[in-house]
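Residue strings, one per chain:
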Amino acid sequence: MLTTLMSLLLALALSGAEPPPQAAREKRAGAAVTVYRSKTCGCCGKWVDHLKAAGFNVTVHIVESLDKAPGRDRVPADLRSCHIATAGRYVVEGHVPADVIKDLLRRNPAVEGIAVPGMPAGSPGMESATPQPYDVVAFDKAGRRTTFARR
């Protein structure tokens, strides 16, 4: 990989073209998402696979206690689920669909994050023959909430 990158930079230098700006490189590589989850939760692993399949650059941290995971204190207790992630400046709690996270990052609203409370059947990682409708809830520092998306 390093050889490929060096070859690309050499080709750019020889052509006189400028390398792409950092933001463009990150966009092509996929947005970074850092996930905190327990070792024993299978649905969390399936959600991570869902994010990777959608093009996110995912880093996973196995933690003993989600209560100590970075950003968990920013999520209202009744919106918590079985894993938490950070994407940009936002926290993402629970089985939030990848396209909703992309929409959050694109729209850049003034919220702390988004959450899918609990573990609704049919959400990413909780696939089911009998999916249930659920809301993706946006929340701010003051505890105000809005429906960010409906599934």
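Residues numbered from 1 in each chain as written. Predicted model: local features only at pLDDT ≥ 70, side-chain atom pairs only at ≥ 80, totals over all residues. Heavy atoms only, no water.

A.B. asks: Which residues make up the pattern of salt bridges, and what values go with them?
C.D. replies: Inspection of the entire model under this criterion finds nine salt bridges. Here Glu-112 ties to Arg-74 by a salt bridge, and the two come within 2.6 Å at their closest N and O atoms. Here Arg-74 lies in the loop between β2 (57-62) and β3 (83-87) and Glu-112 lies in the loop between α4 (98-107) and β5 (113-116), a separation of 38 residues in the sequence. Put simply, Arg-151 and Asp-99 hold a salt bridge, and the shortest N to O gap is 3.0 Å. Taken as a pair, Arg-151 in the segment after β7 (145-150) and Asp-99 in helix α4 lie far apart in primary sequence, 52 residues in all. The class for Asp-99 is partly exposed, based on a relative accessible area of 44%. Taken together, the shared-partner salt bridges in this structure form one network comprising Asp-103, Arg-106 and Arg-107. (Salt bridge = Lys/Arg side-chain N within 4 Å of Asp/Glu carboxyl O. Helix = DSSP H or I, 4+ residues; strand = E, 2+ residues; numbered from the N terminus. Buried < 20%, exposed > 50% of the residue type's maximum accessible area, 1.4 Å probe, protein only.)

A.B. asks: Account for the confidence of the model for the protein chain, naming residues and giving values.
C.D. replies: Looking at the protein chain as a whole, its pLDDT mean stands at 86, while 81% of the residues score no less than 70. Residue range residues 1-28 is modelled with pLDDT below 50. Its contacts to residues more than four positions away, or to other chains, number seven contacts. (pLDDT = per-residue confidence, 0-100. Contact = heavy atoms within 4.5 Å.)

A.B. asks: Tell me about the side chain of Glu-112, and please be specific about residues and values.
C.D. replies: For Glu-112, a relative accessible area of 12% gives the class buried. Once residues lying within four places of it in the same chain are set aside, the contact partners of Glu-112 are Arg-74, Arg-89, Tyr-90, Val-91, Phe-139, Asp-140 and Lys-141.

A.B. asks: Break down α4 for me, citing the residues and quoting the values.
C.D. replies: Since one α-helical turn is 3.6 residues long, residues separated by three or four positions face the same way. Along α4, the residues that are buried comprise Ala-98, Val-100, Ile-101, Asp-103 and Leu-104. Lining the buried residues of α4 we find α3 (42-53), β3, β4 (90-94), β5, β6 (135-139) and β7. Taken from the residues just after α4, Asn-108 is the one with a positive phi, measuring 55 degrees.

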